[in-house]
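Structural features, examined
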Amino acid sequence: MVNAYLEIHNLRKRYGLKPVLRGIDLELPRGQRMALLGANGAGKTTLLRMLAGLSKADSGSIHIAGLEMRSDAQQIRSLVGFVAHQPYLYEELTALENLLFFGQMYGVEQARERAGELLRVVGLERRARERVSTFSRGLVQRLAWARALLHRPTLLLLDEPDTGLDQEGNALAERLLIEYSQQGGTVLFTTHQLERALQLGDQIVMLAQGRIAYQREARTWELEGMRRTYQEVVQ
Ligand code: ATP
């Protein structure tokens with residue numbers, strides 16, 4: 001019986017002989033935001049890629065919206081939006097062409113209107129017809145957000161979503177994240193910034209030695225206490 005919107009059970013992954021995830025158990029209810037913390041190389045990206053259906057677990061299970069990853073990967077992919085380290089965009093296409101391409105891939109209805117709406121939301125409407133190859137890192141990241149939201153995903157995975165964004169871009173990313181979850185969307189995001197995790201997460205999770213080493217509700221925590229726990233658990 002699956003209750004949470006996202007449910008992960010005993011998930012394991014190794015690269016060659018190296019175990020990266022050694023049995024992850026996590027539950028995230030619908031509409032909640034979870035911050036995933038961990039040292040460099042702890043396996044945060046590995047976990048997100050498996051949830052996005054881009055990489056396979058060695059064992060264990062992932063359920064999203066009651067669907068199981070092994071049998072329903074395609075359906076799950078249509079429910080998930082992913083802002084990753086790589087933007088998954090075509091440099092030789094314009095911003096609008098990229099969104100139309102992904103719109104077609106995901107079967108988005110009225111894709112042109114939806115693409116236009118998202119370009120406005122991320123502040124790229126004036127650059128819509130420019131090639132991505134001419135974009136700065138920050139503009140690419142804004143377009144990656146638009147791509148991730150295009151098909152109205154119900155689970156949003158954000159791998160250090162503030163990377164490359166300036167202050168204004170950061171404020172935009174925060175606004176998008178909050179609005180998205182207020183509309184019922186579920187969010188799992190990674191960050192190295194403890195303040196950000198506390199400010200934007202409902203749940204804080206710390207990953208260490210391939211396991212969930214600590215989990216706590218953000219509203220029961222102060223930054224200093226969280227910093228101490230992070231040092232003990234993660235570093
Ligand atoms: P960071 O905070 O630096 O982004 P992370 O927590 O996201 O780190 P991962 O990128 O998931 O960590 O990497 C976990 C470990 O798995 C690292 O030791 C990394 O070198 C290794 N790894 C990741 N992808 C591969 C791969 N495709 N092949 C081999 N090893 C990999």
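Refer to the structure above for everything that follows.
The present account deals with the structure reproduced in this document. (Residues numbered from 1 in each chain as written. Predicted model: local features only at pLDDT ≥ 70, side-chain atom pairs only at ≥ 80, totals over all residues. Heavy atoms only, no water.)

This part covers the pattern of salt bridges. Taken as a whole and judged by the stated rule, the model has 9 salt bridges. A salt bridge links Glu 174 to Arg 196, with the shortest nitrogen-to-oxygen separation between them at 3.0 Å. Placement of Glu 174 in helix H6 (residues 167–182) and of Arg 196 in helix H7 (residues 194–200) is noted, with a sequence separation of 22 residues between them. With respect to class, Glu 174 is no different from Arg 196; both count as buried. (Salt bridge = Lys/Arg side-chain N within 4 Å of Asp/Glu carboxyl O. Helix = DSSP H or I, 4+ residues; strand = E, 2+ residues; numbered from the N terminus. Buried < 20%, exposed > 50% of the residue type's maximum accessible area, 1.4 Å probe, protein only.)

Let us now look at the nonpolar core. Counting residues in hydrophobic clusters, the biggest one holds 48 residues, and the most contacted among them are Leu 143, Trp 145, Ile 204 and Met 226. Looking at which element gives the most residues to this core, the answer is helix H5 (residues 137–149), with 7 residues. Setting aside its immediate chain neighbours within four residues, Trp 145 contacts Val 83, Val 122, Leu 156, Leu 158, Pro 161, Leu 165, Ala 173, Leu 176 and Leu 177. Counting 33 residues, the second-largest nonpolar core is a separate cluster that includes Ile 24, Ala 52, Phe 82 and Ala 84. (Core = buried A, V, L, I, M, F, W, Y, C linked by side-chain atoms within 4.5 Å. Contact = heavy atoms within 4.5 Å.)

Look at Ala 65: it is not a glycine, yet its phi comes out positive at around 55°. A relative accessible area of 36% places Ala 65 in the partly exposed class. Phi is positive for Gln 110, which is not a glycine, with a value near 45°. Position of Gln 110 relative to the elements: it lies in the loop between helix H3 (95–105) and helix H4 (111–121). The exposure class of Gln 110 is exposed, given its relative accessible area of 64%.

Taking strand neighbours across the sheet as the criterion, the 4 strands line up as E2-E1-E4-E5 in an open arrangement whose pairing is antiparallel. At either end of the open sheet lies a strand with only one pairing partner, and these are strand E2 (18–28) and strand E5 (67–68). Of the pairings in the sheet, the one linking strand E1 (residues 6–15) to E2 comprises 8 bridges and is antiparallel in character. By the bridge assignment, Lys 13 is partnered in E2 with Leu 21. Against the sheet, helix H1 (residues 44–51) touches E1, E2 and strand E4 (59–64), its axis set at about 120° to E1. (Pairing = 2+ DSSP bridges. Axes fitted to C-alpha atoms, helices over the stretch in contact; angles between N-to-C directions.)

Bringing the pairing of E1 into the picture now. Taken together, E1 and the strand that follows it, E2, pair antiparallel across an intervening segment of 2 residues, in which Gly 16 is found at a positive phi of about 60°. Taken together, the 5 bridges between E1 and E4 define a ladder with antiparallel strand orientation. Residue pairing across strands places Glu 7 opposite His 63, the latter belonging to E4.

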